[in-house]
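Now for the letters of each chain:
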Amino acid sequence: DNQRDLLLKESDRFPPPQGVRLSYGTAGFREDASVLLSTVYRVGILAALRALKTGKRIGLMITASHNKVSDNGVKVADPSGGMLTQDWEPFANALANASSSQDLVQLIIEFAEKENILLNGSKSAQVLVARDTRPSGELLLDAAKHGIGSIIGVVAHDLGILTTPQLHWMVHVRNKGLNGSERDYFHELSSSFRCLFNSNPNNSEWKLKDWDNQLVVDGANGVGGQKLEMLKEMLNGLAIEIRNSGKGEGVLNEGVGADFVQKEKIVPLGFGSQDVGIRCASFDGDADRLVYFTVPSESSNRINLVDGDKILSLFAIFIEEQLTILAARTKATKIDFRPTLGVVQTAYANGASTQYLKALGLEVVFTPTGVKYLHEKAAEYDIGIYFEANGHGTILFSDYCISVLQPLYWELSDVSSGSKSHKAALRLLAVTRLINQAVGDALSGLLLVEAILQHKNWSIQTWSELYQDLPSRQLKVKVVDRTMVETTNAETEVVKPPGLQEAINSKIAKYPKGRCFIRPSGTEDVIRVYAEASTQEAADDLATSVAKLVD
Ligand code: 16G
Ligand code: ZN
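Residues numbered from 1 in each chain as written. Chains lettered and ligands numbered in written order. Predicted model: local features only at pLDDT ≥ 70, side-chain atom pairs only at ≥ 80, totals over all residues.

**Student:** Would you take a moment to explain the overall build of the protein for this structure?
**Tutor:** Looking only at helices and strands, the protein has 18 helices and 19 strands in total. For 551 residues, the compact-globule estimate of 2.2 N^0.38 gives 24 Å, and the protein sits close to it at 24 Å. Its C-alpha atoms put the protein at 70 × 60 × 45 Å along the principal axes. Expressed as a percentage of its 551 residues, the buried residues of the protein come to 49%. Within the protein, contacts between residues separated by at least 24 positions form 70% of all contacts whose residues are at least 6 apart in sequence. (Helix = DSSP H or I, 4+ residues; strand = E, 2+ residues; numbered from the N terminus. Rg over C-alpha atoms; globule rule 2.2 N^0.38 Å. Buried ≥ 20, exposed ≤ 12 C-beta atoms within 10 Å, placed from the backbone. Contact = placed C-beta atoms within 7 Å.)

Next up, the structure:
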C-alpha cells in the first residue's frame, strides 16, 4: 500500500552506517555527526508515530549538548514537554539498528499494530523540530523532516535554531492550547522576572537599572548566548555581559561551557584576572545546564564553582520561605494550602549539599543520573525541585498547586493587599511562570537565581558560603563494554560483577567522610568513578584506587 511504498522509497535514501551499534541513551542518540543521517531520519519516523499515538504535538531536537562540535544527536520530547516515554526506548533502538529498509518497514508496521496506531492517513498530527547551532544540524534536521513526512498525515513544523529547553517549552505550552512562539517564551520569562523583581521586600519599584550588580555569562559558543542576547533586550537595563556568544571565533564547548567549568573547575576561555570576584555563569551547548562560578584570584586559573546543588539549595530556601509566610496567613482565608515539597538529587550531589538540605528540614530523595528519572520523581510532589550537580534542573508545580495558588492570591488581595502573604503568593505564581516546567533551562534558571539573589540582597559569595562542598574527584575508565557494570539503589551500589562492591567498600573505609560510587556512563563507552572525602588528596586517592578496580 501507499504507506509501505513511501517508507521503503524514503528509507532507501538514508542507509544506516556500517558497524555502528546505536543506543537511545540518557539523552537520545549521540554520535559523530557523520554517521547520524539515517538515525535522525528514523527518529523522525518515531516522533511521527508518537504524535499519531498521542494525538498531540511531539518535539524533535537535534543537538549533542556539551559534546564536541563534530558530534551531534537527536532526542524526542513527549506531549508534556518532558522526555520520550521510557517504554518507547526499545523501539527507538530497534529502529536505529535495523539493517535494511525492508526490516525497518516491517518493524514500523508491527509496532504500529501493537500500539494501535492507524497508518492509513486518517488522522493528522504535528512534530515540532529544532536544532542547536552545530554546522551538521541543518542536514540532519532535513533528514528528520523526511522521516516525519514518511508517515502519512504527519507534518513537521520547523522552528529553526532553538535551545533544547525552548523546544520542550513550546511543545508543553502548545499542547495546553496556549501560544508558544519564541516571542511568547521571551515574554513569559521577562514578565515573570519583572514581577519577581518588583515584589522584593526591599523596594517596590522596577529598579533594574539601579541594580548594577554585574553578571558575566559564558554562552559556550552555542545557542544559549544568542538567545540570552535576545532575552536581554526585553529586560532593558539588566546588566548582563555575554561572552562566548557564538558570534566570535571560539569553538562550541571547547574550553568553555557549563560541562567544562563543572568538571575541570578551571576558568573558561574568555575569562580571567579581570573577572576576580565578579558573579559569572556558564551555559552548556544547548542551554539546558547552568552553573555559576567566581574567579577567586588573579594568580590562578582555578575557579570557585557554584554548581547545580547550590542552585537547588537557593531555590529550595526561597520556595520554603514563601510557603512559610503563606502558611502563617492562610488561616485568615478559606483556602487551606499545604503543598508537599520534595527535593530530588543524584549520587553526584555533593554530600555537604544533601546534609544542608536535610538540616533545613526538607525531604531529599535520590534517583539514577538522567533528567528523565529526576523529573519523574519530582512530579510526585506538589512542588518538586530537582537538580543534577552538573547544573541541569528545574522546579515542578503540580496542577493542584497552581489551581490553589491562583485563587489564594486573589483572596489575599481582598483581605490583605500588599501584605507579606499576598506578596509571597505573587512570588510563587511568578516562579511557576518563570521556571521552565518542561525541562531544566539555563535562561530561565539564570533569571530565577538573579531574582532570588536580589530579593535576599546576597552576593555570590554569601550564596556560595551556604555550605562548604566536600572535596571530590571524578574519573573515567575506558572500557570495551560498559554494560559489564550494573548498579542499584540510585547507582550507589554495584550488583554486577559480583564482589566489586565489597572491594569498593574496603577502599572507602580507609578515608574519613569517604564516599565513592561507580556507574556505566549513559553517553560514552566509559565507567565513571566519583569519590568524595574530607581532603582533596584523599578524594583523589580514593577515586584512583577505585578506578584501578575496574581497569
Ligand atoms: C545526559 C543527561 C544528563 C546526565 C548526563 C550523564 C539528559 C537531558 N541529559 O547529558 O542529565 O547528567 O547525560 O552523562 O538527561 P553520563 O551518563 O555520560 O555520565
Ligand atoms: Zn545540554
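**Student:** Hey, could you run me through the sheet that holds strand 1 (residues 29-32) in this one?
**Tutor:** In a beta sheet, neighbouring strands are held together by backbone hydrogen bonds and run either parallel or antiparallel to one another. In spatial order, the strands read 1-3-2-4-5; together these 5 strands make up an open sheet with mixed pairing. Each end of this open sheet is capped by a strand with a single partner; those strands are strand 1 and strand 5 (154-161). Shown here is a sheet whose adjacent strand axes are inclined to one another by a mean of 15°, direction ignored. Across 4 bridges, the pairing between strand 1 and strand 3 (residues 71-77) is antiparallel. Residue pairing in the sheet places arginine 30 in a bridge with glycine 73 of strand 3. Each of strand 2 (58-62), strand 3, strand 4 (125-131) and strand 5 is contacted by helix 6 (residues 164-175), which is oriented at about 170° to strand 2, the strand it contacts most. (Pairing = 2+ DSSP bridges. Axes fitted to C-alpha atoms, helices over the stretch in contact; angles between N-to-C directions.)

**Student:** Help me out: how do you make sense of the packing of helix 10 (residues 308-329) against helix 11 (residues 351-359) in this one?
**Tutor:** How two helices pack is summed up by the angle between their axes together with the distance between the axes. The geometry of helix 10 relative to helix 11 is characterised by a closest axis approach of 10 Å and an angle of 10° between their N-to-C directions. Taken together, the axes of helix 10 and helix 11 are roughly parallel relative to one another. Of the residues in helix 11, those touching helix 10 at Asp309, Ser313 and Ala316 are Ser353, Tyr356 and Leu357. Residues that form the contact of helix 10 with helix 11 fall into these classes: 3 nonpolar, 2 polar and 1 charged. (Parallel < 35°, antiparallel > 145°, perpendicular 65-115°, else oblique. Nonpolar A, V, L, I, M, F, W, Y, C, P; charged D, E, K, R; others polar.)

**Student:** Looking at this structure, how should I read the UniProt feature "binding site: Mg(2+)" (unreviewed entry) in the protein?
**Tutor:** The residues that UniProt annotates with the feature "binding site: Mg(2+)" (unreviewed entry) are Ser65, Asp284, Asp286 and Asp288. In three dimensions, the annotated residues from a span of 224 residues occupy one location, with a maximal C-alpha spread of 8.1 Å. Its place among the elements puts aspartate 286 in the loop between strand 8 (279-283) and strand 9 (290-294). For aspartate 286, the residues in contact, after removing those within four places along its chain, are Thr63, Ser65, Asp132, Thr163, Thr164, Gly222 and Val223. (UniProt positions renumbered as here; feature names shortened; annotations may be inferred.)

**Student:** For this particular structure, what's the right way to read the site of ligand 1?
**Tutor:** Inspection of the region around ligand 1 gives 15 residues, with Ala27, Val371, Ser521, Gly522 and Thr523 positioned closest. Here the shell around ligand 1 is built from residues that sort into 2 nonpolar, 9 polar and 4 charged. (Near = placed C-beta within 6 Å.)

**Student:** Before we go on, may I ask you to explain the nonpolar core in this structure?
**Tutor:** Membership of the largest hydrophobic core comes to 134 residues, with the highest contact counts inside it found for Val127 and Ala144. The leading source of residues in this core is helix 2 (residues 37-54), at 11 residues. In this structure, Tyr348, Phe517, Ile527 and Ala539 belong to the second largest nonpolar core, which totals 22 residues. (Core = buried A, V, L, I, M, F, W, Y, C linked by C-beta atoms within 7 Å.)

**Student:** Please clarify how the sheet that holds strand 19 (residues 526-532) should be interpreted in this entry.
**Tutor:** Reading across the sheet, the 3 strands line up as 15-19-18 and stay open at both edges, with antiparallel pairing between neighbours. The sheet terminates laterally at strand 15 (472-478) and strand 18 (515-520), the two strands that pair on one side only. On average, each strand axis in the sheet is tilted by 15° relative to the strand beside it, whichever way the strands run. Bridging between strand 18 and strand 19 involves 6 bridges; their strand directions are antiparallel. Each residue of the ladder has a partner; that of arginine 519, found in strand 19, is arginine 528.

**Student:** Explain the environment of asparagine 301 here, please?
**Tutor:** On the secondary structure map, asparagine 301 appears in the loop between strand 9 and strand 10 (304-306). Apart from residues lying up to four places away in sequence, asparagine 301 is in contact with Ile266 and Val267.

**Student:** Please clarify how the domain arrangement of the protein should be interpreted in this entry.
**Tutor:** For interface size, the figure often reported is the accessible area lost on association. When cut into domains, the protein gives domain 1 (2-161), domain 2 (189-306), domain 3 (309-464) and domain 4 (472-550). The distance between the C-alpha centroids of domain 2 and domain 3 comes to 22 Å. Each side of the interface is counted separately: domain 2 has 30 residues, and domain 3 has 28 residues. Elements with a contribution of two residues or more to the side of domain 2 that touches domain 3: helix 7 (182-198), helix 8 (223-234), helix 9 (258-264), strand 8, strand 9 and strand 10. Ranked by the residues each element gives to the side of domain 2 that touches domain 3, the list is headed by helix 7, at 6 residues. Considering only residue class, the side of domain 2 that touches domain 3 consists of 17 nonpolar, 8 polar and 5 charged. (Domains from an automatic or database assignment.)

**Student:** For this particular structure, what's the right way to read the UniProt feature "domain: Alpha-D-phosphohexomutase alpha/beta/alpha" (unreviewed entry) in the protein?
**Tutor:** The residues that UniProt annotates with the feature "domain: Alpha-D-phosphohexomutase alpha/beta/alpha" (unreviewed entry) are residues 56-88 and 114-173. Helix makes up 0% of residues 56-88 and strand 36%, with an end-to-end C-alpha separation of 16 Å. The span residues 114-173 is 40% helical and 25% strand by assignment, and the distance between its end C-alpha atoms comes to 30 Å.

**Student:** Before we go on, may I ask you to explain unusual backbone geometry in this structure?
**Tutor:** The omega torsion across lysine 496 and proline 497 is -5°, close enough to zero to call that bond cis. Among the secondary structure elements, proline 497 is positioned in the loop between strand 17 (493-496) and helix 17 (500-508). The backbone of asparagine 253 shows a phi angle near 65°, a positive value even though the residue is not glycine. Turning to its location among the elements, asparagine 253 is positioned in the loop between strand 7 (240-243) and helix 9. The class for asparagine 253 is buried, based on 25 C-beta atoms found within 10 Å. The phi dihedral of lysine 513 falls on the positive side, at around 55°, and the residue is not glycine. With respect to the helices, strands and loops of the structure, lysine 513 is situated in the loop between helix 17 and strand 18.

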